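# Topology and contacts: notes
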Amino acid sequence: MTLFQRDRENIELGRAEGSLYATRILKLYNKGNNIEYIANTLQLDLEYVESVISDYEND
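Reference entry: report on the structure contained in this document.

### Here we look at the nonpolar core
Formed by Ala22, Ile25, Leu26, Leu28, Ile38, Ala39, Leu42, Leu44, Val49, Val52 and Ile53, the largest nonpolar core amounts to 11 residues. Mapped by element, the contributors of at least two residues to this core are α1 (3-30), α2 (35-42) and α3 (46-58). With 4 residues, the single largest contributor to this core is α1. When residues no more than four places from it in sequence are discounted, the contact partners of Leu42 are Tyr21, Arg24, Ile25 and Leu28.

Next up, the structure:
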């Protein structure tokens, strides 16, 4: 495996993981939970949670 292939696989894994977190964030948000609660519950950065919700609301 070349470094390029490894990097490509890591990028794909990161996208899948990010998608999973985004789904969890939006489920909690749609249940009426606030941003701070979501960030603490999922142990994520508050700015990331805000970004996901902002993108969701702007679509």
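### Regarding the environment of Val49
Checked against the element boundaries, Val49 lands in helix α3. For Val49, a relative accessible area of 0% puts it in the buried group. Measuring from C-alpha to C-alpha, the distance between Val49 and Leu3 comes to 31 Å, with 46 residues separating the pair along the chain. Among all residues touching Val49, those that are not within four sequence positions of it are Ile25, Ile35, Ile38, Ala39 and Leu44.

Rules and cut-offs
- Residues numbered from 1 in each chain as written.
- Predicted model: local features only at pLDDT ≥ 70, side-chain atom pairs only at ≥ 80, totals over all residues.
- Heavy atoms only, no water.
- Core = buried A, V, L, I, M, F, W, Y, C linked by side-chain atoms within 4.5 Å.
- Buried < 20%, exposed > 50% of the residue type's maximum accessible area, 1.4 Å probe, protein only.
- Helix = DSSP H or I, 4+ residues; strand = E, 2+ residues; numbered from the N terminus.
- Contact = heavy atoms within 4.5 Å.

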